[in-house]
Amino acid sequence: MTPPPPTRSPGIRFGTAYYPEYLRAPDPERDLDLMAQAKIDTIRVGESVWSTWEPRDGEFDLDWLTPVLDAAHERGIGVLLGTPTYAIPPWLQRKHPELAVVRAGGARIPWGARQEVDFTSPAFLRHAERVIRAVVGRHGGHPAVIGIQLDNEPGLHLIHNEPVFERFTAWLAERYGDAGRLNEEWGLAYWSHRLGDWAELWRPDGNTTPSYDLAWRRFQAELTTRFIAWQAELVRELVPGDRALTTCLAYQRPALDDVRLSEHLSVTSGNAYYLAQDALTRDAEDRPAEIGWFAAGPDALFQAADRMYGSKQRRYWVTETNASSIAGSQLNVTPYDGQLRQAAWALVARGAEMISYWHWNTLHDGAETYWGGILGHAMTPGRIYDEIAALGAELDRAGDDLAGLTPDADAGFLHSPDSKWALAFQPPLTLDGRIPDRDSYERIVAAFYQGASDAGLQAGFVTPEQFGARRFPVVVAPALYCLSDATAEALAAYVRDGGHLVLTFRTGYADEEARARAEVAPGPLRELAGVRYLEYSTLLDPVPVRGLGEQGVARHWADALELEGAEELARYEHHHFGRWPAVTEHRAGRGTVTYVGTLPGREPAAALFRRIAARVTAGASPALISAGAQPQVTVRTAVNARGRRLWFAHNWSERERAVTVTRPAVEVTGRRQPIEPGPLRLAPFDVRVIT
């Protein structure tokens, strides 16, 4: 059962993670006073310190947090209380060494980090339930507590422990019935893999069968979802009904299906880390997308935000974002003046209703000693604190305008966990001509997202299961490799009803079991796209394309497209590949299908989406802000609870820029000053929000 959405005050919550238990001389009264002065109204506590809550087996120390909760409540600061289950105490790993996660190959992860435990084990769950009941039972009803964070960043490991493998076998038997059906569904005649019975199922460690790997990844994600759902059900018994239930998601975790997991939460929360300084500037350079746990560039930050909104198709909480530097001692890239403010407003523009910094102070001990906080090691307010305090005051002044803010979206991106997992197992891309790129799926998504962004389109993310519940003028299906017949029919209905669908290479090539379809590609989408292909090739070097942009290139891949009713939009300039179109367009019903048979460079991708944008926005009312051809400037929009549209103009560069305001407006980021039509100045690393 989905928990009810939390009751929140209007505007944006502004917070930080706060761990006084880590400090040698904690001074919560002083810290919370500084927070209140900076308009910080939310702190996150307690999720990492099981050994502090329960220093010895069955012996609890629960009162140390009470003064912090009381002091927070006195200052009007809400508290997000964490369940401490993702970092187990030493006594538990000594008592139950069998809880250590077993990796592929049989090696156990040694204790000494975090999340190195098989959270499906009955022994672990007994101890986890006991500490959850103790901590949440004691503090969950405190008037300062606004919500409970269940665990933290779940899904870090694929768990190969023997009991987990046994459950996987039972999971398969429940879904397929008998081993004979599995033989047929997975094509296990290949290499003599046919099973006589379930006892013959081999372990995933040496697996080479794509359908097996996809099932294994689905199962692992389901384990993570079940674990958080179990905690949600337990905690709901212990707290008042107005408390939010959430968890902090790291979207790159290998055992995570964010949409299915979020069904058990009141609100989705997640990380929004980014590399600052010159990595957070924006220009027209065509660089390969950098795929990792932090965003590299403004468009990657917007994409991370749009993914979080997509988890529940609702506003979300950013429970961790940069306060200063991120990562280890070797990467001290503190933000330039204005970049903290830029990033926060970018997240707000895309649906964040809480911005919370990790963390209050830079830690003096532990693995994250050089992960910078709002205060540095000296515990003294400086430039970072001053910028965050100024941002807090700005968000507070704009609170009424930001209430109920819903981001606009012109282009819906179909995001498929199944396709992501399948293309990690059998990647279509290689970055060096030899080694497979396990991030192929996300790299393809990022390239098309960048093109849409450059064309001024705003994106929303939906899974194939969510598709249809949210209407978009344009739908992009990048590398939707695992395509079910039902999803194919839903896409066809969308086009027949007047939608514009963008298909890419690898979309529709396999079915929901990750089996290559035994039909002419793109399989069930062939008639809809008006093209077919029997051949495809890796592109070891970029190939020029003509028809979209002046300096267009195709990278990594080429489908040998043959027209079956579609028209050519772009073609390769090459002695061999030049016989085939690179991009086509086809009218189907009342809609249009664009097929892109390669990974386009930045210019042709932008040119393609500009062509699409001109069609789908024809007849729309003039924009309040016009940025012109300035790649350094982005404009995003959202509608608040009163039905008013807000316009967010960012200058992601070190030089002053200007946009044009087309009609009288009011500035939200200032003191509600009127703005007349004409140029609007954007200082270096500036953002202006108007309505």
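Treat the numbers as computed from the prediction; the structure is a model and nothing was measured.

Peer 1: Sorry, what's going on with the overall build of the protein here?
Peer 2: A count of helices and strands for the protein gives 18 helices and 30 strands. Computed over its C-alpha atoms, the radius of gyration of the protein comes to 26 Å, within 12% of the 26 Å expected for a compact globule of 691 residues. C-alpha atoms of the protein, sized along the principal axes, occupy 75 × 75 × 45 Å. Within the span of the protein, comprising 691 residues, buried residues form 61% of the whole. Contacts in the protein between residues at least 24 apart in sequence constitute 72% of all its contacts with a sequence separation of at least 6. Working note: accessible area of the protein is about 26,400 Å², and carbon and sulfur atoms make up 50% of it. Distance between charge centres in the protein, computed from 72 positive and 88 negative side chains, equals 3 Å.

Peer 1: What is the right way to look at the nonpolar core in this model?
Peer 2: In summary, soluble globular proteins display a tendency toward joint burial of nonpolar side chains. By size, the foremost hydrophobic cluster in this structure holds 197 residues, and its most contacted members are Ile43, Phe124, Phe168, Trp345, Ile355, Tyr357 and Phe413. Ranked by the residues each element gives to this core, the list is headed by helix α8 (residues 210-236), at 12 residues. Not counting chain neighbours up to four residues away, the residues in contact with Phe413 comprise Val445, Phe448, Tyr449, Ala452, Ala459, Gly460, Phe461, Val462, Val476 and Pro478. Formed by 13 residues, the second largest nonpolar core is a distinct cluster that contains Ile625, Val633, Trp647 and Ile675.

Peer 1: For this particular structure, what's the right way to read the sheet that holds strand β25 (residues 645-651)?
Peer 2: Strands belonging to one sheet form pairs held by backbone hydrogen bonds; the direction of such a pair is parallel or antiparallel. Strand order in the open sheet made by the 4 strands is β10-β24-β25-β30, with antiparallel pairing throughout. The sheet terminates laterally at β10 (406-407) and β30 (686-690), the two strands that pair on one side only. Two strands pair when backbone bridges link them, and strand β24 (residues 633-639) and β25 are joined in this way by 7 bridges, in the antiparallel orientation. What sits directly across from Thr637, in β25, is Trp647. Contacts between helix α11 (residues 339-349) and the sheet are confined to β10, β24, β25 and β30, with β25 contributing the most and set at about 150° to the helix.

Peer 1: Would you take a moment to explain the pattern of salt bridges for this structure?
Peer 2: Where charged atoms from two side chains of opposite charge come close, those side chains can pair. Applying the stated criterion across every chain yields a total of 59 salt bridges. Among the salt bridges present, the one from Arg383 reaches Glu387, with a minimum N-O distance of 3.2 Å. Here Glu387 and Arg383 lie together in helix α12 (residues 383-397), a separation of 4 residues that amounts to about one turn. The class of Glu387 is buried, set by a relative accessible area of 19%.

Peer 1: I'm lost on the sheet that holds strand β7 (residues 269-272) in this one. Help?
Peer 2: Here we have 9 strands laid out as an open sheet, ordered β5-β4-β3-β2-β1-β9-β8-β7-β6, and parallel in their pairing. The sheet is open, and its two borders are formed by β5 (244-246) and β6 (248-249), each paired with just one other strand. Relative to the sheet, helix α10 (residues 298-312) contacts β7 and β8 (316-322), its axis offset from that of β8 by approximately 150°.

Peer 1: How should the layout of surface pockets be read in this particular structure?
Peer 2: Where empty space is left becomes clear once a probe the size of a water molecule has been rolled over the atoms. Of the volumes computed, that of the second largest pocket is approximately 1,400 Å³. Surrounding the second largest pocket, 44 residues form its lining, Ser453, Asp454, Ala455, Gly456 and Leu457 being those nearest its centre. Elements represented by at least two residues in the lining of the second largest pocket include exactly α15 (440-454), β17 (553-559), α18 (602-616), β23 (625-626), β24 and β25. Of the residues in the lining of the second largest pocket, the class split is 20 nonpolar, 12 polar and 12 charged.

Peer 1: Hey, could you run me through helix α14 (residues 417-425) in this one?
Peer 2: Helical geometry note: an α-helix holds 3.6 residues per turn, so side chains three or four residues apart project in the same direction. Among the 9 residues of α14, 7 are classified as buried, and the element is accordingly described as predominantly covered. Burial in α14 covers these residues: Pro417, Asp418, Ser419, Trp421, Ala422, Leu423 and Ala424. Where α14 is buried, its residues contact α8 and α15.

Peer 1: Even after reading the chapter, I still don't get the confidence of the model for the protein, so can you show me in this structure?
Peer 2: Overall, the prediction assigns the protein a mean pLDDT of 95, with 98% of residues at 70 or greater. Confidence drops under pLDDT 50 across residues 1-9; counting only partners more than four residues distant or on other chains, this segment forms 22 contacts.

Peer 1: I keep staring at the pairing of β17 and nothing clicks. Help me out?
Peer 2: In terms of residue burial, β17 counts as a mostly covered element, since 6 of its 7 residues are buried. Count of turn residues in the strand β16 (residues 536-546)/β17 antiparallel hairpin: 6 residues, of which Gly547 carries a positive phi of about 120°. Of the pairings in the sheet, the one linking β17 to strand β22 (residues 599-600) comprises 2 bridges and is antiparallel in character. Note on β22: the bridge partner recorded for Arg555 is Leu599.

Peer 1: Would you mind showing me how to read the packing of α8 against α14 here?
Peer 2: The angle between the axes and the distance between the axes are what describe a pair of packed helices. Running from amino to carboxyl end, α8 crosses α14 at an angle of 130°, the nearest separation of the two axes being 9 Å. Accordingly, the angle class assigned to the pair α8 and α14 is oblique. For the pair α8 and α14, the crossing hand works out as right-handed. Packed against α8, whose contacting residues are Pro210, Asp213, Leu214, Arg217, Arg218 and Ala221, the element α14 presents Asp418, Trp421 and Phe425 at the interface. For the contact of α8 with α14, the class distribution of residues is 5 nonpolar, no polar and 4 charged.

Peer 1: Can you help me understand the side chain of Thr120 in this one?
Peer 2: Structurally, Thr120 can be placed in the loop between α4 (90-95) and α5 (122-139). A distance of 2.6 Å separates polar atoms of two side chains, one belonging to Thr120 and the other to Asp118. For Thr120, the side chain forms a polar contact with the side chain of Arg167, separated by 2.3 Å. Excluding residues that lie within four positions of it along the chain, Thr120 makes contacts with Leu125, Val164, Arg167 and Leu223.

Peer 1: Can you walk me through the environment of Pro542 in this structure?
Peer 2: Topologically, Pro542 is positioned in strand β16. Residue classification places Pro542 among the exposed residues on the basis of a relative accessible area of 52%. The sequence separation of Pro542 and Gly601 amounts to 59 residues, and the corresponding C-alpha distance is 8.9 Å.

Peer 1: Would you mind going over the packing of α10 against α11 with me for this structure?
Peer 2: Here α10 crosses α11 at 35°, and the two axes come no closer than 9 Å. At the point where α10 passes α11, the crossing takes the right-handed sense. Listed contacts from α11 to Leu301, Phe302 and Ala305 of α10 are Ala343, Ala346 and Leu347. Its residues assigned to classes, the contact of α10 with α11 comprises 6 nonpolar, no polar and no charged.

Procedures and definitions
Residues numbered from 1 in each chain as written. Predicted model: local features only at pLDDT ≥ 70, side-chain atom pairs only at ≥ 80, totals over all residues. Heavy atoms only, no water. Helix = DSSP H or I, 4+ residues; strand = E, 2+ residues; numbered from the N terminus. Rg over C-alpha atoms; globule rule 2.2 N^0.38 Å. Buried < 20%, exposed > 50% of the residue type's maximum accessible area, 1.4 Å probe, protein only. Contact = heavy atoms within 4.5 Å. Areas by Shrake-Rupley, 256 points an atom, 1.4 Å probe, with all protein chains shown as cover. Lys, Arg positive; Asp, Glu negative; His and termini not counted. Charge placed at Lys NZ, Arg CZ, Asp CG, Glu CD. Core = buried A, V, L, I, M, F, W, Y, C linked by side-chain atoms within 4.5 Å. Pairing = 2+ DSSP bridges. Axes fitted to C-alpha atoms, helices over the stretch in contact; angles between N-to-C directions. Salt bridge = Lys/Arg side-chain N within 4 Å of Asp/Glu carboxyl O. 1 Å grid on protein atoms, 1.4 Å probe; cavity = no way out; pocket = protein on both sides within 12 Å on 5 of 7 lines; lining within 4 Å. Points joined across faces, edges and corners; volume = space filled by probe spheres on them. Nonpolar A, V, L, I, M, F, W, Y, C, P; charged D, E, K, R; others polar. pLDDT = per-residue confidence, 0-100. Parallel < 35°, antiparallel > 145°, perpendicular 65-115°, else oblique. Left-handed = near helix turned anticlockwise from the far one by under 90°. Polar contact = N/O pair within 3.5 Å; in protein donor to acceptor, adjacent residues only side chain to side chain.

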